[in-house]
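Structural overview for review
Now for the letters of each chain:
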Amino acid sequence: MKARLLKIGLITLSAFGLGLSSATGAQAAEWCRSGDLCLYYNSGANHYGAIFVQNGDISNYGLTQYFFVPSDKGSAGAYQNVKNNAAAVENRTSYHAVIYYNSGYNCEIACQQILSFTVKDLNSTMKNNNASGSY
């Protein structure tokens, strides 16, 4: 009898543990929240895909710590470096944001302003040519 209760307890704990791990995996996708500037790997027509949430100015997206992660909109492009891989931007801040073609906030070749509280595909010059961003 004790062995049977032990088995039932282990099965229950196993099932409970699996449930927790599944819930954690499902919650792992990132999304763009109020106050965030978010870059997406794909354009809107391609369902946006992976996301990079930017909090503050970044003078060089090429550093290794800046990479896309799966989002609530998909995982295409996940774990790719942000530099020269963004196709769309969601600005959920009260500031205008600027995405730059060059590192160091250099607009000599090109840059694109993203108004506050908007979602925009990067234009043909900027798409996959993003090196820095500020807001």
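Reference entry: report on the structure contained in this document. Residue positions are counted from 1 within each chain, in the order its sequence is given. Predicted model: local features are reported for residues with pLDDT of at least 70 only, side-chain atom pairs are reported and counted for 80 or more only, and whole-chain, interface and lining totals are derived from all residues. Think of the side-chain values as coming from all heavy atoms in the structure, minus any hydrogens and water.

Points about the overall build of the chain
Segments assigned H or I by DSSP are reported as helices when at least four residues long, segments assigned E as strands when at least two residues long, and all are numbered from the N terminus. From N to C terminus, the chain includes one helix and seven strands. Along its sequence from the N terminus, the chain presents helices and strands in the succession α-β-β-β-β-β-β-β. Taken across its 135 residues, the chain has 32% of its residues classed as buried. The criterion used for residue contact is that any of the two residues' heavy atoms lie within 4.5 Å. Considering only intrachain contacts with a sequence separation of at least 6, the fraction spanning at least 24 residues in the chain is 59%. Relative accessibility decides the category of a residue: with a 1.4 Å probe and only protein chains considered, values under 20% of the type maximum give buried, values over 50% give exposed, and everything between is partly exposed.

As for the state of the cysteines
Any cysteine sulfur atom paired with another within 2.5 Å is treated as part of a disulfide. Summed over all chains, the structure comprises two disulfides. Each sulfur of the disulfide joining Cys 107 and Cys 111 lies 1.9 Å from the other. Taking the sign of the S-S torsion, about -70 degrees here, the bridge from Cys 107 to Cys 111 comes out left-handed.

Observations regarding the environment of Tyr 135
Relative to the helices and strands, Tyr 135 is located in the segment after strand S7 (132-134). Given the relative accessible area of 26%, Tyr 135 is considered partly exposed. For Tyr 135 and Ala 97, which are 38 residues apart along the polypeptide, the C-alpha to C-alpha distance reads 4.2 Å. Not counting the four nearest positions on each side in its chain, Tyr 135 is found in contact with Gly 35, Leu 37, Gln 54, Asn 55, Gly 56, Asp 57, Thr 93, Tyr 95, His 96 and Ala 97. Any pair of nitrogen or oxygen atoms within 3.5 Å is treated as a polar contact; in protein, a donor-acceptor pairing is required on top of that, and neighbouring residues in sequence qualify only through side-chain atoms on both sides. In this structure the side chain of Tyr 135 is engaged in a polar contact, spanning 2.8 Å, whose partner is the backbone nitrogen of Gly 56.

Re the pattern of salt bridges
We define a salt bridge as a contact between a side-chain nitrogen of Lys or Arg and a carboxyl oxygen of Asp or Glu at a distance within 4 Å. Tallying each qualifying case throughout the model produces one salt bridge. For Arg 33, the salt bridge identified is with Glu 30, shortest N-O distance 2.3 Å. You can call Arg 33 partly exposed: its relative accessible area is 35%. Overall, Glu 30 belongs to the partly exposed group, its relative accessible area being 21%.

The analysis is restricted to geometry; functional conclusions fall outside its scope.
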